[in-house]
Every structure is written in structure tokens, then in C-alpha cells.
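Here is how the chains run, residue by residue.
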Amino acid sequence: MILLLLTTVLALAAAYFYRFWSVREKRQVELRKIVERKRAERAESVKFAKQSAEKLDVETRNKIASLEYSELKEGLQSGTISCIDAVRTYYFKAIQANEKTNSVCMFVKEAEQWAMEWDEKAKDPEFKKPPMFGLPMSLKECVPLQGYDQTRGFVQDTFHPTETDAVLVQQLKKLGAIPYVQTNVPQSLLSYNCSNPVFGTTNHPMDKSRTSGGSSGGESALISADGSILGIGGDVGGSIRIPCAYTGTTGIKPSHLRFSHRGVCGSVPGRPLINSNDGPMSTRVETNVDFLRTVWADTWITEQDPYVPPVTWNEEAYKSDKKLKIGYYTDDGWFTPTPVCQRAVMEAKQILEDAGHTLIPFRPPRVPEVLIMFLRAVCVDAGKFLSNKLMNDIIDPLLYTQVVLWMVPVRVQRFLASFIRVFFPRLGNLMNAMTLSTVELRNTYADIEAYRSEMAALMIDQKIDALLCPVTVTPALPHVAPSKLFAGTSYTGIFNLLDYAAGSVNVTHVTKQDELDLESDYEASDPWYALAKNSSRGTIGFPIGVQVATPPYREETCLRIMREIEFGVTGK
Ligand SMILES: CCCCCCCC/C=C\CCCCCCCC(N)=O
């Protein structure tokens with residue numbers, strides 16, 4: 001009797017799994033065909049951009065291609081450069097950068113048309129050129145652009161073009177900017193690598209085996225490979241700052257309060273307290289400044305979205321010569337960065353001290369607890385929304401570790417945590433992060449609000465204007481590492497949790513001495529430290545950035561400090 005019961009249960013289980021597997025296989029075949037169609041569409045868009053770029057003579061192209069942002073802007077304003085020539089130059093540059101990095105999802109064909117329309121308007125002597133007249137701009141794929149997909153790396157979201165531009169895109173078009181290319185992201189956006197089953201893996205321009213970071217990794221790769229002069233990224237846990245730090249570019253995530261989020265679908269909809277925001281990425285801080293100064297010149301954003309406070313650009317704060325008090329830390333007490341990331345902070349500290357600022361040691365309290373709050377609140381539902389979506393998709397192999405973690409039931413994670421804590425305490429503790437309990441989630445939201453209040457009090461009491469710290473714990477990682485090393489986002493995630501402005505600027509490059517220090521001083525005391533150490537080997541010459549953060553509405557001070565660091569490093 002027992003044997004019969006057992007056999008029946010086993011047979012039913014086998015039938016269930018067979019059915020599940022065959023339905024999934026059938027869906028995978030469908031999805032693979034969709035990928036083929038989408039890639040063919042991308043190939044068409046590359047062909048279009050190539051043909052358009054070839055219409056421009058090489059001499060003009062080379063001249064425009066060599067211009068800095070301010071020179072290009074000036075040329076477009078004065079009329080020595082036409083919009084169509086600028087777009088064709090940047091089509092060409094992006095094609096070349098894309099061959100090296102696979103950073104482009106789609107070229108925007110309408111860019112040609114928009115450029116010609118602006119040139120036509122400019123023939124009228126009465127026409128007043130808008131401030132971004134003719135400037136070619138790259139957009140992260142998830143920024144809503146009318147007529148184009150925002151797949152966020154999911155095959156199921158291809159061929160569903162968005163019907164309305166994001167408020168930011170509407171504004172950019174109104175100001176004369178020309179979106180000419182969409183750039184790649186990791187599947188789900190919740191990773192700091194850059195790979196998905198639709199468009200493939202984006203490479204670091206210096207080394208194909210390493211990532212350009214994520215989730216704005218298409219942007220960082222394209223900009224650092226000279227295929228874009230200014231791009232728009234997005235950041236919910238480091239997605240602008242980490243790619244910039246990996247590639248030697250610079251970017252800022254403003255507090256989410258300063259931009260509109262109407263119609264924008266992030267990685268997990270319905271996430272109230274971990275705030276994502278768009279922000280500019282480029283090779284120079286001044287370019288990012290010019291972008292924000294222009295879009296915040298008036299209250300147009302608030303007129304389109306009443307939830308955005310009418311706060312305009314504060315030139316006085318950016319240009320101020322008041323000496324600042326800046327708290328700095330090289331180690332957040334959760335994940336000690338590799339020596340080169342600490343050296344970068346100390347060099348930036350010296351630059352700022354030489355400029356007359358006061359730097360004091362300051363470490364945000366209880367970062368290990370903050371990381372748990374961050375992970376719980378960034379996933380919201382223990383990864384349910386994402387794992388459901390992923391189960392209906394082709395899963396990118398580079399995301400496997402995270403996917404497994406999202407799929408293990410919360411109760412099992414908690415049960416295993418007590419054993420894992422014995423030999424890998426840091427992972428054991430984080431395994432309490434995910435929750436499906438509304439009681440625990442509400443408690444975490446209350447903790448986040450209390451933490452924001454505590455940090456405000458600490459900074460006000462000590463009269464600290466800004467913070468300086470590492471962006472992350474290593475130089476650019478091999479593609480597979482970020483999914484395993486999600487614990488390395490403590491340095492960036494904290495400023496999303498606080499909803500501060502936070503930017504990244506290049507300070508140095510990995511040297512031979514840094515590699516020697518890595519071997520002698522950096523202990524591989526658990527599997528995460530071992531991974532960080534191993535992955536950092538062989539990175540001589542790779543760029544290293546630092547992070548500057550300020551409370552909300554102090555973006556101008558954050559940029560001022562970044563600009564001073566950049567000046568101290570480059571002399572310009
Ligand atoms: C073992 C404990 C279970 C925890 C599972 C957590 C899985 C990882 C989830 C989220 C990783 C956060 C990654 C932050 C993304 C950084 C880049 C960005 N999109 O801004």
C-alpha cells in the first residue's frame with residue numbers, strides 16, 4: 001500500500017515536472033525567435049546609421065569628432081556646425097565604439113530627421129536656438145523614448161514600443177538635444193554588470209573579459225570608447241556611479257526628488273523608498289554641470305509633473321568659494337575595498353585639503369544593517385516580481401547567482417542562514433534580508449526613515465556639507481562577478497536609501513604597487529573577499545573613481561566638489 005502511494009506521488013511529480021519543462025521549452029523556442037527578429041532589427045538600425053554617417057565627408061567628420069563638448073555646443077550655436085553633421089559624426093563614432101564594446105541596443109533613425117528639421121528652422125534669422133541645439137545625446141535603453149522599446153533586457157518586452165517620451169526626453173527634445181542611440185543594460189536592471197539575452201554582453205573598452213559596469217554599462221562603455229559626448233543613465237543602487245568608476249568617466253545621480261518619474265518603469269515597480277533616478281554621464285564634470293544647469297534652468301519639469309518640487313539650478317552654490325567641511329571614509333565597516341580604491345579616496349582627500357576644505361573622518365553608522373535594509377527594500381517582494389518575469393524569459397547566464405537567490409523561498413533562506421553563518425558570517429547575515437512579510441517590510445521602511453533622520457542629525461550637528469568615499473570595492477570586474485558580489489554595492493546603495501545626490505569622478509589608475517599591496521595587505525578572509533581579490537588581479541592601468549555625496553537639493557555642491565577633484569587630478 002505504502003509502495004503504491006509512493007509510486008503514485010512520484011509519478012505525479014514526474015508528470016508535473018515534465019509538463020512544466022515542456023511548456024517552458026516551448027516558450028524558450030518562441031523567445032529565441034523573438035531575439036533573432038530583434039537582433040535583425042538592430043542590425044538594420046546599424047546599417048541605417050552607417051549609410052547616414054557615410055553621407056558626411058571625412059574631413060568635416062574628423063573636425064567635429066575632435067571637438068570637446070563646449071566646442072561642439074558653441075559650433076552648433078554659432079552655426080559653424082549643422083545639426084545633421086553633428087548627428088552623422090556621432091552615428092559614426094558610436095558605430096566604431098559599438099564594434100569594440102557591444103554597447104548599442106538601437107540607433108534612433110529619427111535623429112536624422114530631427115536634425116534636419118532643426119537646421120531648417122535655424123535658416124530663419126529670427127529663430128532663437130534652444131540651449132541644447134543639435135547636441136547628440138545617448139540614452140540608456142530604459143529611458144522611455146517614443147517609438148522604441150524599453151526592454152530592460154527582457155525578451156518578453158521587445159516589440160512593445162513606448163507611446164510617450166519620458167518627461168526628461170520631452171524636455172531634451174524641446175531644448176534641441178537629439179537622442180541618437182539607445183544603450184545596453186543588464187537584464188532586470190538590478191545588477192552592476194551589463195548583459196542580457198536580447199542584445200548580449202557589453203564589454204569594457206580596455207578588456208573584453210571585463211564589464212563596463214551596470215546598469216548604465218552601455219552608456220559608460222559608449223562614452224569611454226568615444227561614441228557619445230553626453231549620455232543619460234539611471235541609478236537605483238550605483239548604476240551610474242559604478243560604470244563611471246569602472247571606465248574613468250564621470251556621472252551624477254541627483255536625488256530622485258529633482259526629476260520626474262512619470263511613466264518611467266524601473267526594475268521593480270511599486271518600490272517606494274529606494275529611489276532610482278536619471279542622471280548625466282560624460283567624460284568631464286563640466287559637461288554634467290552644463291546638462292543639469294540647462295534642464296533645471298526653469299520650472300518646466302514641475303509644470304509637467306506637479307510632484308517635482310520647483311527647485312531650479314543654484315549657480316551660487318556651484319560657484320561658491322566657501323570652504324566646506326567634508327566627511328570621508330575609506331572603509332564602511334561592511335566591505336573593505338581593495339587598496340587601490342582606498343588610495344583613490346586618500347588622494348581625493350589631499351586634493352580637497354589643498355584646495356582649503358576641511359576633511360574629517362566620518363563613517364555612516366551601522367552600514368551592515370543598512371545593506372540589509374537596502375536589499376530588502378530594493379527587491380520589495382523578495383524578488384517575486386523579478387523571478388516571475390525571469391521564469392517567463394530567457395535568463396542571462398551572467399545573472400544566474402542572483403536569480404537563484406531570488407528563487408530560493410524566504411523560509412529556506414532563513415533556515416540555511418543559521419548554518420551558513422558559521423563559516424560565512426557575512427552571507428549568513430544577509431540571508432535574512434529578503435522578506436515576504438508586510439510586518440517586516442513596514443518595519444524596514446520605518447528603519448529607513450529613522451536612518452535618514454539620524455544621518456541628517458549627524459551631518460547637521462557636525463556641520464558636514466558632503467561625504468567622500470569609495471564608489472565600490474574593486475576595479476572593473478570580470479562579467480560574471482557582479483552577480484556574485486552584490487554585497488559590494490554597500491557604498492552606493494546607501495545613498496539611494498538616503499536619497500542623496502551622489503556622483504563619481506575619476507582619480508587614479510591601478511598601478512603595479514597597487515597590485516603588490518593587494519597581494520600583501522588584502523586578506524581573502526571569506527569567499528566575497530577572495531572573489532574581490534582574485535577579480536582585481538590583472539587590472540593595472542584600469543581607472544578608479546571616488547564618490548561624493550550630498551543631501552538632497554545640494555547637487556550643485558556635489559558637482560562643485562567633483563569638479564575640484566577633477567581639476568586636482570587633470571589640471572583642467
Ligand atoms: C543571500 C541573500 C539574498 C539576497 C538576494 C539579493 C539578490 C541581489 C539583489 C539585489 C542586488 C542589488 C544590486 C544593486 C544594483 C546596483 C546597480 C543598480 N541597478 O543601480
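Residues numbered from 1 in each chain as written. Predicted model: local features only at pLDDT ≥ 70, side-chain atom pairs only at ≥ 80, totals over all residues. Heavy atoms only, no water.

As recorded by an unreviewed UniProt entry, the chain carries the name fatty acid amide hydrolase and is attributed to Caenorhabditis remanei. Taken from UniProt, the Sequence similarities (unreviewed entry) comment for the chain reads in full: "Belongs to the amidase family." (UniProt positions renumbered as here; feature names shortened; annotations may be inferred.)

Another aspect to go through is the UniProt feature "domain: Amidase" (unreviewed entry) in the chain. Residues annotated in UniProt with the feature "domain: Amidase" (unreviewed entry) correspond here to residues 85-559. Annotated as residues 85-559, this span is 42% helix and 15% strand, and its ends, taken at the C-alpha atoms, are 31 Å apart. (Helix = DSSP H or I, 4+ residues; strand = E, 2+ residues; numbered from the N terminus.)

Together, Y16, F17, F20, W21, M391 and M407 line one region of the surface with nonpolar side chains, adding up to about 640 Å² of accessible area. With four residues, the single largest contributor to the nonpolar patch is helix 1 (residues 2-54). If you trace the backbone, F17 turns up in helix 1. (Patch = residues over 30% accessible without salt bridge, like charges linked within 9 Å, V, L, I, M, F, W, Y side chains within 5 Å. Areas by Shrake-Rupley, 256 points an atom, 1.4 Å probe, with all protein chains shown as cover. Salt bridge = Lys/Arg side-chain N within 4 Å of Asp/Glu carboxyl O.)

Following G214, the chain continues to S215 via a peptide bond in cis, the omega torsion being 5 degrees. Of note, the phi angle at N102 is positive, near 50 degrees, even though the residue is not glycine. Relative to the assigned elements, N102 resides in the loop between helix 4 (83-101) and strand 1 (104-107). Positive phi values are uncommon outside glycine, yet R152 reaches one of about 50 degrees. Note on placement: R152 falls in the loop between strand 2 (136-140) and helix 6 (167-174). The exposure class of R152 is buried, given its relative accessible area of 8%. (Buried < 20%, exposed > 50% of the residue type's maximum accessible area, 1.4 Å probe, protein only.)

To continue, consider the side chain of H357. Within the secondary structure, H357 is located in the loop between helix 12 (339-354) and strand 12 (358-361). Within the local environment of H357, its side chain forms a polar contact with the backbone nitrogen of L324, the two atoms lying 2.9 Å apart. One polar contact links H357 to E564, side chain to side chain, over a distance of 2.6 Å. (Polar contact = N/O pair within 3.5 Å; in protein donor to acceptor, adjacent residues only side chain to side chain.)

The description of an aromatic ring pair rests on the distance of the ring centres and on the angle between the ring planes. The full count for this structure, using the stated rule, is 16 aromatic pairs. A centroid spacing of 5.7 Å and a plane angle of 80 degrees characterise the contact between Y522 and Y529, whose relative ring orientation is edge-to-face. An aromatic cluster of three or more residues is present, and its members are W334, F424, F486 and W528. The positively charged end of R258 is found above the aromatic ring belonging to W296, 3.7 Å away from the centroid. The ring centre of W334 lies 5.2 Å from the NZ or CZ of R426, which sits over that ring. (Phe/Tyr/Trp six-rings, centres within 6.5 Å; stacked < 30°, edge-to-face > 60°. Lys NZ or Arg CZ within 6 Å of the ring centre and 35° of its normal.)

The next thing to look at is the pairing of strand 7 (residues 207-211). Alignment of strand 6 (residues 203-204) against strand 7, held across two bridges, turns out to be antiparallel. Paired with H204 across the two strands is D207, which belongs to strand 7. Between strand 6 and strand 7, which follow one another and run antiparallel, lie two residues. (Pairing = 2+ DSSP bridges.)

Let us look at the site of the ligand. Around the ligand there are 20 residues in total, and L189, V236, G237, G238 and S239 lie nearest to it. Measuring from a nitrogen atom of the ligand, one finds a backbone N or O atom of L189 at 2.7 Å. The backbone of V236 places a nitrogen or oxygen atom 3.1 Å from an oxygen atom of the ligand. When the ligand is considered free in solution it has 580 Å² of accessible area, and contact with the protein chains removes 100% of it. Elements that contribute at least two residues to the shell around the ligand include exactly helix 13 (367-379), helix 15 (400-407) and helix 17 (425-430). The leading source of residues in the shell around the ligand is helix 15, at three residues. (Near = heavy atom within 4 Å.)

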